Amino acid sequence: MKLRISPLTQRRLGRFLKIKRAFIALCILLGLFFLSLFSELIANDKPLLIHYEGKLYFFAAYNLYADKEFGGKYQTEALYRELARSERFQAGTGNFMLFPLIPYSPYTSTLDELEGTPPTAPDAKHILGTDDRGRDVFARLLYGFRISLTFALVLLLLEIVIGCIIGGLQGYMGGKFDLIMQRFIEVLSALPFLYVIILIGSVLGQSFSTLIIIMAVFNWIGLSYYIRAEFLRLKKYQFVDAAKVLGVKRFKILFSEILPNALTPIITFMPFSLISAVFTLTALDYLGFGLPAPTPSWGELIRQGMGNLSSYWLSVYPFIALFLTLLLLTFVGEGVREAMDPKEYTKME
């Protein structure tokens, strides 16, 4: 089946490609996110390659190799950095380990290798320094970027699905259903989001999935307003009446006929929803109500920096990473908004 793109979509895509700032920002974001998916191969204390007694072991980050395989006593996973310095490993001819570019894990402290007490300033080993537990800041920033964008993308998907279903049903059905859902949304909007996070987190515990579900319960509300308005407008069009006359089922009319013509608010608000999700996650981590320790988090690093004001690297580098990420997302959002504008040439007064 050949994918067909409408002339209107082609024009909008062409407009977006002409906005160089937005297109370059999108390429940078996609490239960085793609690289972050392989963070274990960039920053990790588990080697990419081990040669021991004539045998090769690949990608220890994805494969568990027991200490016993390298002449140890236990079936638990080997401590590779200690193993590389051990006598039994160095005694063998040709034994070696190839570590990633940044040979430190975001979860493991390196107290035994540090000169001084953590947090330590940037040096040749830790290019962005270490945090107050002796963990590499660059590794935590890299993994934190992946977690932040993954969190934002999952939340965006849930927001679109819930917002489109509820907003679409409201706009298409109207009447009592619309009235009842509007009152429900008003009640839900009045709930204090932070208090709900604290309450549910204290009962169920902090986790990635719990935080996603709680935020998804609230985030769809804004999008549903726009979808509802689009469905209210589009259901009066002749193509909807024609579909009814032809006997098309209501569900198919909703999501096969009306929804494709109501995508403008969804596409326009996607980058700004991502901005909101990344910023909210960072703020919650900073307050201590976000992801559980020891999950790499920009907000948690900034909180450490506020507690160690002399250790500038704990707050400056995460803030720069957050600023640049939000800036790139903003450029993409502005480009999408301009591309979706019905007037090809627009300017803000």
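Nothing here was measured: the structure is a model prediction, and the numbers come from that model. (Residues numbered from 1 in each chain as written. Predicted model: local features only at pLDDT ≥ 70, side-chain atom pairs only at ≥ 80, totals over all residues. Heavy atoms only, no water.)

## Considerations on the pattern of salt bridges
Scanning the model with the defined rule gives 16 salt bridges in all. Its salt-bridge partner being E300, residue R133 comes within 3.7 Å of it at the nearest N-O pair. Of the two residues, R133 is situated in the loop between strand 3 (96-98) and helix 5 (137-173) and E300 in helix 12 (residues 298-307); the sequence distance between them amounts to 167 residues. The class for R133 is partly exposed, based on a relative accessible area of 43%. According to the relative accessible area criterion, E300 is buried, its value standing at 12%. E300 serves as the salt-bridge partner of R140, at 3.4 Å between the closest nitrogen and oxygen. On the criterion of sequence distance, the pair formed by R140 in helix 5 and E300 in helix 12 is long-range, its members being 160 residues apart. (Salt bridge = Lys/Arg side-chain N within 4 Å of Asp/Glu carboxyl O. Helix = DSSP H or I, 4+ residues; strand = E, 2+ residues; numbered from the N terminus. Buried < 20%, exposed > 50% of the residue type's maximum accessible area, 1.4 Å probe, protein only.)

## Brief notes about the packing of helix 1 (residues 7-18) against helix 13 (residues 313-340)
When two helices pack together, their arrangement is given by the angle between the helix axes and the distance between those axes. It is at 8 Å that the axes of helix 1 and helix 13 come closest, and there the two elements cross at 140 degrees. Relative to helix 13, helix 1 is oriented oblique. Judged by the twist between their axes, the crossing of helix 1 over helix 13 is right-handed. Between helix 1 and helix 13, the contacting residues are R12, R15 and F16 on the first element and V332, G335, V336, E338, A339 and M340 on the second. A class-by-class count of the residues in the contact of helix 1 with helix 13 yields 5 nonpolar, 1 polar and 3 charged. (Axes fitted to C-alpha atoms, helices over the stretch in contact; angles between N-to-C directions. Parallel < 35°, antiparallel > 145°, perpendicular 65-115°, else oblique. Left-handed = near helix turned anticlockwise from the far one by under 90°. Contact = heavy atoms within 4.5 Å. Nonpolar A, V, L, I, M, F, W, Y, C, P; charged D, E, K, R; others polar.)

## Topic: the side chain of S36
Secondary-structure assignment places S36 in helix 2 (residues 20-36). Given a relative accessible area of 1%, S36 falls into the buried group. Non-local contacts of S36, meaning those with residues more than four positions away in its chain, are made with L142, F145 and R146.

## Topic: the sheet that holds strand 3
One open sheet holds the 3 strands; their spatial order is 2-1-3, and the pairing between them is antiparallel. The sheet terminates laterally at strand 2 (55-58) and strand 3, the two strands that pair on one side only. This sheet shows a mean twist of 10 degrees between the axes of neighbouring strands, independent of strand direction. (Pairing = 2+ DSSP bridges.)

## Some thoughts on the confidence of the model for the protein chain
When pLDDT is averaged across the protein chain, the result is 87; 96% of the residues are at 70 or more. Element-level mean pLDDT values for the protein chain span from 80 in helix 10 (residues 250-258) up to 94 in helix 2. Ignoring residues within four places in sequence, the model shows residues 345-349, a span with pLDDT below 50, making 2 contacts including any to other chains. (pLDDT = per-residue confidence, 0-100.)

## Let's talk about the environment of I275
Assignment of secondary structure puts I275 in helix 11 (residues 264-287). By relative accessible area, I275 is classed as buried at 15%. Between the C-alpha atom of I275 and that of Y226, which follows or precedes it by 49 residues, the distance is 19 Å. Filtering out sequence-adjacent residues up to four positions away, I275 remains in contact with L326, L329 and T330.

## Some remarks on unusual backbone geometry
The step from P118 to P119 runs through a cis peptide bond, and the omega angle for that step is 0 degrees. If you trace the backbone, P119 turns up in the loop between strand 3 and helix 5. The linkage connecting A293 with the following residue, P294, adopts the cis geometry, with an omega of 5 degrees. Along the chain, P294 turns up in the loop between helix 11 and helix 12. One non-glycine residue with positive phi stands out, namely E53, at about 50 degrees.

## A closer look at the nonpolar core
If you look at the biggest cluster of nonpolar residues, it comprises 65 residues, and the most contacted ones within it are L211 and F231. Here the element with the most residues in this core is helix 5; it accounts for 13 residues. Setting aside anything within four residues of it in sequence, one finds L211 in contact with F151, I197, L281, L284, F289, G290 and L291. Ranked by size, the runner-up nonpolar core spans 11 residues in total, among them A60, F70, A78 and Y80. (Core = buried A, V, L, I, M, F, W, Y, C linked by side-chain atoms within 4.5 Å.)

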